[in-house]
Amino acid sequence: MPLTIVMYHYVRDLERSRFPAIKGRTLADFRRQLDHIAKAYRVVRVDEVVAALKGETTLPDNAAWLTFDDGYLDHYTNVFPLLYERGWQGSFFPPVKTIRERDLLDVNKIHYILAASKNTTLIIDMIRDFIDQNQENGRFDDYWSELAHPSRFDPADVIFIKRLLQHRLPETIRNQLTQSLFSHFVSEDTKAFASELYMTEDQLRTMIGCGMYVGSHGAGHYWLDRLPAERQAIEIDASLGFLAELGAPTTDWVMCYPYGAHNGDTRSLLGMRGCAAALTTQAAVAHIGEHSPLALPRLDTNDLPPSRQIA
Ligand SMILES: [Zn+2]
């Protein structure tokens, strides 16, 4: 039973924003994509998906599930009204610390560092200087040859910056380096920036009240497979406590793994806590009955029409 799960991040009027180079869906393309989805798919709700995963019902033909990661304010201002208007449920996955502490995620700092500078040379120069000054943590050339390999969406230099800052350097120094790049290229006021970027608890409550689904995306947005089981449990439990306080469901709930990352420990912790479905970033149409419910693949919004305009 096929289920097309679509993954979204930024959805905004990019050309009229302060950072037009942010990689996201433009609002115009998003509207066009919703028209396409209305014609080609039947948008399903989380309870329909959960019932199908349990074998209690079947999904309609061409079922699609719309998922939005990271708790961006874009989702409240741009996405929610358009879905509501069509009578569709969207599923939203905010990490706890973005909403509660207005803490800017390193992954977002990295997006904005890349969007704020015209080319990556200046960023890579600063990274090289930093690593040279902190030689005990390794040599620049070794990191470069290990990490600078292109992916489906990004060239080698961009992947190098992302992987180095997302997880490869030891946590304390990578936070320090990311923060200094962010202050240099984007903004000195990280808190104010975070307040503009993410939703509030009240906005999430409003969406829940209007039939939208809110699920877990962890607390601190870590690669869970890189944490020991005890720390994974803390991450998951903190996000469940947060969902309970928002009034979101905590039985038959949905996990959306940050970066799609998980391992056997993650899946058994989720199983013990009554998680019904978990979403990865593996690019494929999900097949209920074939994929494990705790490792469902998703398509990126750019894998569906309209395709991304390459400028
Ligand atoms: Zn995320």
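Draft legend 1. The arrangement of the environment of His-291 in detail. Assignment of secondary structure puts His-291 in the loop between strand S10 (286-287) and strand S11 (296-300). A sequence separation of 238 residues divides His-291 from Leu-53, and the C-alpha atoms of the two residues are 10.0 Å apart. Leaving out residues up to four positions away in the same chain, His-291 has contacts with Val-285, Ala-286, Leu-296 and Pro-297. A polar contact is formed between the side chain of His-291 and the backbone nitrogen of His-287, at a distance of 2.9 Å.

Draft legend 2. Molecular detail of the domain arrangement of the chain. Split into domains, the chain comes out as domain 1 (2-101 + 213-246 + 253-303) and domain 2 (106-192). The straight-line distance from the C-alpha centre of domain 1 to that of domain 2 is 26 Å. Contacts between the two partners involve 16 residues from domain 1, matched on the other side by 15 residues from domain 2. In this assembly, domain 1 packs against domain 2 so that about 1300 Å² is buried in total across both faces, 54% of it on carbon and sulfur atoms. Considering only the surface of domain 1 that becomes buried against domain 2, Tyr-10, Phe-19 and Trp-223 emerge as the three largest contributors, covering 32% of it. Counting across the interface, domain 1 meets domain 2 through 2 salt bridges. One can count 9 residue pairs in polar contact (both at pLDDT 80 or more) joining domain 1 with domain 2. In terms of residue class, the side of domain 1 that touches domain 2 is built from 9 nonpolar, 1 polar and 6 charged.

Draft legend 3. Representation of helix H10 (residues 190-197) in the model. Of the residues making up H10, those classed as buried are Thr-190, Phe-193, Ala-194 and Leu-197. Buried positions in H10, seen along its axis, are confined to an arc of 100° and lie on one side of it.

Draft legend 4. Examining the nonpolar core more closely. Residues Leu-3, Trp-65, Leu-66 and Ile-127 are the most contacted members of the largest nonpolar core, which totals 103 residues. A domain split of this core shows at least three residues from each of domain 1 (2-101 + 213-246 + 253-303) and domain 2 (106-192).

Draft legend 5. Highlighting the pattern of salt bridges. Under the defined criterion, the tally for this structure stands at 23 salt bridges. Residues Arg-298 and Asp-69 are paired through a salt bridge, measuring 3.0 Å at the closest nitrogen-oxygen approach. With a gap of 229 residues between them, Arg-298 in strand S11 and Asp-69 in strand S5 (residues 63-69) connect regions that are remote in the sequence. With respect to burial, Arg-298 and Asp-69 carry one shared label: buried. Look at the salt bridges and you will find they share partners, linking Arg-100, Glu-201, Asp-202, Arg-205 and Glu-245 into a network.

Draft legend 6. How the structure looks around the side chain of Gln-89. Mapped onto the elements of the fold, Gln-89 is located in the loop between helix H3 (73-86) and strand S6 (91-93). Exposure remark for Gln-89: the relative accessible area of 7% places this residue in the buried category. Polar side-chain contacts of Gln-89 include one of 2.8 Å to the backbone nitrogen of Val-46. Within the structure, Gln-89 has its side chain in polar contact with the backbone oxygen of Gly-211 (distance 3.1 Å).

Draft legend 7. The arrangement of the packing of aromatic side chains in detail. According to the stated counting rule, one finds 18 aromatic pairs in the structure shown. Taken together, a centroid distance of 4.7 Å and an interplanar angle of 10° make the contact between Tyr-8 and Phe-68 stacked. One end of the pair, Tyr-8, is in strand S1 (residues 2-8); the other, Phe-68, is in strand S5, and 60 residues separate them in sequence. Residue Tyr-8 shares its accessibility class with Phe-68, and that shared class is buried. Between Phe-68 and Phe-92, the aromatic rings sit 5.0 Å apart at their centres with planes inclined by 15°, giving stacked as the arrangement. Of this pair, Phe-68 sits in strand S5 while Phe-92 sits in strand S6; the two residues are 24 residues apart in sequence, bridging distant segments of the chain. The burial state of Phe-68 is the same as that of Phe-92; both residues are buried. Through a chain of ring-to-ring contacts, three or more aromatic side chains come together here, namely Tyr-10, Phe-19, Tyr-72, Tyr-112, Phe-182, Phe-193 and Tyr-198. A cation sits over an aromatic face here: Arg-86 above Trp-88, 5.2 Å from the ring centre. Taking NZ or CZ as reference, Arg-128 lies 4.5 Å from the ring centre of Phe-140, over its face.

Parameters and conventions
Residues numbered from 1 in each chain as written. Predicted model: local features only at pLDDT ≥ 70, side-chain atom pairs only at ≥ 80, totals over all residues. Heavy atoms only, no water. Helix = DSSP H or I, 4+ residues; strand = E, 2+ residues; numbered from the N terminus. Contact = heavy atoms within 4.5 Å. Polar contact = N/O pair within 3.5 Å; in protein donor to acceptor, adjacent residues only side chain to side chain. Domains from an automatic or database assignment. Buried area = accessible area lost by both parts, 1.4 Å probe. Salt bridge = Lys/Arg side-chain N within 4 Å of Asp/Glu carboxyl O. Nonpolar A, V, L, I, M, F, W, Y, C, P; charged D, E, K, R; others polar. Buried < 20%, exposed > 50% of the residue type's maximum accessible area, 1.4 Å probe, protein only. Arc of directions from axis to C-beta. Core = buried A, V, L, I, M, F, W, Y, C linked by side-chain atoms within 4.5 Å. Phe/Tyr/Trp six-rings, centres within 6.5 Å; stacked < 30°, edge-to-face > 60°. Lys NZ or Arg CZ within 6 Å of the ring centre and 35° of its normal.

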